[in-house]
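# Structural features, examined
Residues per chain, in single letters:
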Amino acid sequence: MPMPPIPDEPHEASGLWSGSVVLAGFVAGVALQLQQRALDPAAAYALLLAASGVVWGLLVGLRRSARPGRSAPWWRRLRQATVLAGALAAGFGFGGLRAVSVAGQALDPALEGVDLSVIGTVAAMPQRSEPGVRFRLDVESATRDGVPVAVPPRLLLGWYGGPTVAADGATLELLRQPADLRAGERWRLSVRLKAPHGSLNPHGFDYELWLWGQGLRATGYVRAGPKDVAPQRLGATWRHPVEQARQSVRDAIVARVADGTPQQARSAGILAALVTGDQAAIERADWDIFRATGVAHLMSISGLHITLFAWVAVALIGTFWRRSALWGWPLCRWLSAPTAALIGGVLLAAGYAVFSGWGVPAQRTVVMLATVAALRISGRQWPWPTVWLLACAVVVL
């Protein structure tokens with residue numbers, strides 16, 4: 001009688017365990033790199049990435065050539081330790097290369113506090129406040145006294161209008177009022193820039209780190225004095241269509257809801273924040289109330305909003321898909337209802353996240369939802385710790 005085939009569950013468990021080690025090692029490597037006080041040269045991080053690739057290549061070759069079930073215990077432990085070391089090196093090198101690339105976009109200290117002429121496109125929905133308007137500008141070119149200079153590719157600028165008042169109450173100069181900036185417009189502006197700076201109070205908001213995460217390596221303001229070169233609108237473009245749509249929706253909400261009374265104006269700001277993610281539309285007094293009552297996190301588009309939206313979308317799409325045959329559309333013959341519901345829910349959640357500003361919490365949630373949905377659609381039944389590690393590694397990557 002021929003021998004029955006050996007079940008492959010041990011091999012599957014071993015592969016799953018090795019995959020978990022790789023995922024955990026990669027995340028730990030990135031976390032370890034973030035503890036560096038100063039960055040190493042880019043070549044050092046690239047060498048780590050190359051070394052991890054060589055190590056994994058050798059391990060794959062040795063595993064294919066080895067006989068199943070014949071590996072000694074010491075060899076299996078050595079292989080597992082090598083896999084973990086390679087994953088740590090890959091995460092450390094990847095994080096370091098990414099940090100070096102962002103750090104290379106820093107503003108030249110010689111260009112701080114001097115007048116520069118920049119041409120660029122408004123990259124995001126401008127946010128208005130009492131002092132003026134703040135906006136992001138994608139730089140196309142920059143000059144100093146007619147000589148081209150290099151500045152970070154994206155700037156965070158403020159445009160303030162009205163009188164500038166000294167400490168004794170005297171008016172120093174009257175600034176031009178900010179224009180009605182629209183996302184996607186090209187402008188020629190005279191600006192003064194500085195490197196990002198922020199307070200470093202323990203457990204407080206790290207403004208400089210937030211700017212780093214947003215890809216903003218310089219901040220500044222528009223020179224709008226009577227003796228400065230007047231800002232010039234060069235025209236509208238097709239760029240940043242989502243931001244243009246967000247701004248149109250926000251302005252429509254403010255125009256229709258805020259009908260002159262203070263209460264309606266406050267309601268318009270809250271609605272605009274929940275629909276478009278513009279938290280600056282909420283008044284400071286309302287923020288104080290939200291923080292005191294513990295609901296401030298509900299006023300910004302976060303993972304909670306995206307997950308609830310995805311859950312509702314999955315339920316509605318699944319119901320429609322199952323009943324589509326009643327209306328003469330047998331969609332289940334083309335794609336199963338659970339699969340269609342998962343794909344549609346993730347896509348709609350991603351669309352909502354993009355329209356709400358594509359903040360880091362929204363990005364993280366969409367990536368995790370997509371990862372879990374992909375596992376379910378593929379039919380893989382992994383233990384929850386492995387699923388969590390996979391989602392975590394994909395988010396970090």
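So, how was this worked out
- Residues numbered from 1 in each chain as written.
- Predicted model: local features only at pLDDT ≥ 70, side-chain atom pairs only at ≥ 80, totals over all residues.
- Heavy atoms only, no water.
- Helix = DSSP H or I, 4+ residues; strand = E, 2+ residues; numbered from the N terminus.
- Buried < 20%, exposed > 50% of the residue type's maximum accessible area, 1.4 Å probe, protein only.
- Contact = heavy atoms within 4.5 Å.
- Areas by Shrake-Rupley, 256 points an atom, 1.4 Å probe, with all protein chains shown as cover.
- Polar contact = N/O pair within 3.5 Å; in protein donor to acceptor, adjacent residues only side chain to side chain.
- Axes fitted to C-alpha atoms, helices over the stretch in contact; angles between N-to-C directions.
- Left-handed = near helix turned anticlockwise from the far one by under 90°.
- Nonpolar A, V, L, I, M, F, W, Y, C, P; charged D, E, K, R; others polar.
- Expected span 1.5 Å × (residues − 1).
- Pairing = 2+ DSSP bridges.
- 1 Å grid on protein atoms, 1.4 Å probe; cavity = no way out; pocket = protein on both sides within 12 Å on 5 of 7 lines; lining within 4 Å.
- Points joined across faces, edges and corners; volume = space filled by probe spheres on them.
- pLDDT = per-residue confidence, 0-100.
- Parallel < 35°, antiparallel > 145°, perpendicular 65-115°, else oblique.
- Salt bridge = Lys/Arg side-chain N within 4 Å of Asp/Glu carboxyl O.
- Core = buried A, V, L, I, M, F, W, Y, C linked by side-chain atoms within 4.5 Å.
- Phe/Tyr/Trp six-rings, centres within 6.5 Å; stacked < 30°, edge-to-face > 60°.

### Regarding the overall build of the protein chain
Check the secondary structure of the protein chain and you find 11 helices and 10 strands. Residue burial in the protein chain is summarised as follows: out of 397 residues, 34% are buried. Across the protein chain, contacts joining residues at least 24 apart in sequence account for 68% of those joining residues at least 6 apart. When the accessible surface of the protein chain is totalled, it reaches about 23600 Å², and 63% of it is carbon and sulfur.

### Thoughts on the environment of serine 52
Positionally, serine 52 belongs in helix H2 (residues 42-65). Judged by relative accessible area, serine 52 falls into the buried class, the value being 4%. Remark: the alpha-carbon pair of serine 52 and leucine 88, spanning 36 residues in sequence, is separated by 8.5 Å. Non-local contacts of serine 52, meaning those with residues more than four positions away in its chain, are made with Gly86, Ala89 and Ala90. Within the structure, serine 52 has its side chain in polar contact with the backbone oxygen of leucine 49 (distance 2.7 Å).

### Regarding the packing of helix H8 (residues 303-322) against helix H9 (residues 337-355)
Taken N-terminus to C-terminus, the directions of H8 and H9 make an angle of 145 degrees; their axes are 7 Å apart at the nearest point. By crossing handedness, the relation of H8 to H9 is classed as right-handed. Within the contact between the two elements, H8 uses His305, Ile306, Phe309, Ala310, Ala313, Val314, Ile317, Gly318, Trp321 and Arg322 and H9 uses Ala337, Ala340, Ala341, Leu342, Gly344, Gly345, Leu348, Ala349, Tyr352 and Ala353. Class assignment for the residues of the contact of H8 with H9 results in 15 nonpolar, four polar and one charged.

### A few points about H8
Across its 20 residues, H8 extends 28 Å between first and last C-alpha, which sits within 8% of the 28 Å expected from 1.5 Å per residue. Among all positions in H8, only Gly303, His305, Ile306, Ala310, Ala313, Ile317, Gly318 and Trp321 are buried.

### Notes on the pairing of strand S8 (residues 185-194)
Bridge count for strand S1 (residues 115-122) against S8 is seven bridges, and the pairing is antiparallel. Residue isoleucine 119 lies in a different strand from S8, and its bridge partner there is arginine 188. The pairing of S8 with strand S10 (residues 232-236) spans four bridges and is antiparallel. By the bridge assignment, tryptophan 187 is partnered in S10 with arginine 233. Examined bridge by bridge, S8 and strand S9 (residues 219-222) share four bridges and lie antiparallel to one another. Residue pairing across strands places leucine 193 opposite glycine 220, the latter belonging to S9.

### As for helix H11 (residues 384-396)
Taking 1.5 Å of rise per residue, the 13 residues of H11 would be expected to cover 18 Å, and the 18 Å separating its terminal C-alpha atoms lies within 8% of that figure. Burial in H11 covers these residues: Thr386, Val387, Leu389, Leu390, Ala391 and Ala393.

### Examining the layout of surface pockets
Considered as a void within the structure, the second largest pocket measures approximately 350 Å³ in volume. Along the walls of the second largest pocket sit 15 residues, with Thr307, Ala310, Met368, Leu369 and Val372 positioned nearest its centre. Of all the elements in the fold, those that place two or more residues in the lining of the second largest pocket are H8, H9 and helix H10 (360-378). Top contributing element to the lining of the second largest pocket by residue count: H10, with seven residues. Along the lines of polarity and charge, the residues of the lining of the second largest pocket split into nine nonpolar, four polar and two charged.

### Quick look at the confidence of the model for the protein chain
Averaged over every residue, the pLDDT of the protein chain is 85; residues scoring 70 or more account for 88%. Overall, residues 1-11 carries pLDDT values under 50, and its contacts beyond four positions in sequence, including any with other chains, amount to two contacts.

### Focus: the packing of H9 against H10
Contact geometry for H9 and H10: axes closest at 10 Å, N-to-C directions at 170 degrees. Relative to H10, H9 is oriented roughly antiparallel. Residue-level contacts link Thr339, Leu342, Ile343, Val346, Ala349, Ala350 and Ala353 of H9 to Ala362, Val366, Leu369, Ala370, Ala373, Arg376 and Ile377 of H10. The class makeup of the residues in the contact of H9 with H10 is 12 nonpolar, one polar and one charged.

### Overview of the pattern of salt bridges
Evaluated as defined, the whole model comprises 12 salt bridges. When the shortest N-O distance is used, the salt bridge between aspartate 251 and arginine 250 registers 3.4 Å. Given a relative accessible area of 9%, arginine 250 falls into the buried group. The salt bridge partner of arginine 250 is aspartate 278, with a shortest N-O separation of 3.0 Å. One end of the pair, arginine 250, is in helix H5 (residues 241-257); the other, aspartate 278, is in the loop between helix H6 (262-276) and helix H7 (284-293), and 28 residues separate them in sequence.

### Quick look at the nonpolar core
With 23 residues, the main nonpolar core has Phe135, Val151, Leu157, Trp159, Leu189, Val191 and Leu193 as its most contacted residues. If you list the elements that add at least two residues to this core, you get S1, strand S3 (132-144), strand S5 (154-160) and S8. Looking at which element gives the most residues to this core, the answer is S3, with five residues. Not counting the four nearest positions on each side in its chain, leucine 157 is found in contact with Val133, Arg134, Phe135, Leu137, Leu189, Val191, Leu193, Gly220 and Tyr221. Counting residues in hydrophobic clusters, the runner-up holds 10 residues, among them Leu23, Val27, Ala90 and Ala393.

### Description of the packing of aromatic side chains
Taken as a whole and judged by the stated rule, the model has eight aromatic pairs. Both rings, one in tyrosine 45 and one in phenylalanine 92, keep their centres 6.0 Å apart while their planes meet at 35 degrees; by these two values the pair is tilted. Linking tyrosine 45 in helix H2 with phenylalanine 92 in helix H3 (residues 73-103), this pair joins segments that are 47 residues apart in sequence. Residue tyrosine 45 is classed as buried on the basis of its relative accessible area of 0%. With 6.2 Å between their ring centres and 35 degrees between their planes, tryptophan 321 and tryptophan 334 make a pair best called tilted. Residue tryptophan 321 is found in helix H8, and its partner tryptophan 334 is found in the loop between H8 and H9; the two are separated by 13 residues along the sequence. The class of tryptophan 321 is buried, set by a relative accessible area of 13%. Under the relative-accessibility criterion, tryptophan 334 is labelled exposed at 65%.

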